[in-house]
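Close look at the chain arrangement
Next come the chains, spelled out residue by residue.
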Amino acid sequence: MSDENRIIALEEQVAYLTKTVEELSDVVAQQERVLELVERRLGMLMEAEALRQSETDGSVPLADQRPPHW
């Protein structure tokens, strides 16, 4: 294989790898946005459940209680 062909092959490989890295970066950015949304929703659900438990039982929410084996 000539030097020119090797350089062309390397340039093609770099272009392919660059495209792959950009695509993966986009996927990671999207996953970060989804994870932030899920974390916010989980926090809201935990707050709503704690409020529901305190209104129903009049006691400390289960999330704030120590497990019985402690």
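The structure reproduced in this document is the subject of the present report. Residue indices begin from 1 for each chain and proceed along its sequence in written order. Per-residue local features are limited, in this predicted model, to residues with pLDDT of at least 70; the limit for side-chain atom pairs, both in listing and counting, is 80 or more; totals at the level of whole chains, interfaces and linings are taken over all residues. As a convention, hydrogens and water are excluded, and side-chain values are obtained from all of the structure's heavy atoms.

Topic: the overall build of the protein chain
For the record, the criterion: Secondary structure is summarised from DSSP: a helix means a run of H or I of at least four residues, a strand means a run of E of at least two, and numbering begins at the N terminus for each. Only protein chains enter the area calculation, which uses a 1.4 Å probe; residues under 20% of their type maximum are buried, those over 50% are exposed, and those in between are partly exposed. Here, Shrake-Rupley sampling with a 1.4 Å probe gives the accessible areas, and only protein chains in the shown set may cover a residue.
Assigned secondary structure in the protein chain consists of one helix and zero strands. The 70 residues of the protein chain split such that 3% are buried. Total accessible area on the protein chain stands at roughly 6,700 Å², and carbon and sulfur atoms take up 59% of it.

Here's the deal with the pattern of salt bridges
Just so we agree on the cut-off: Whenever a carboxyl oxygen of Asp or Glu lies within 4 Å of a side-chain nitrogen of Lys or Arg, that contact is scored as a salt bridge.
Throughout the structure, instances matching the rule amount to three salt bridges. The salt bridge involving Asp-3 is made with Arg-6; its shortest N-O contact spans 3.7 Å. Linking Asp-3 with Arg-6, this pair stays in helix 1 (residues 3-57), spanning three residues, or about one helical turn. Asp-3 sits in the exposed class, given a relative accessible area of 56%.

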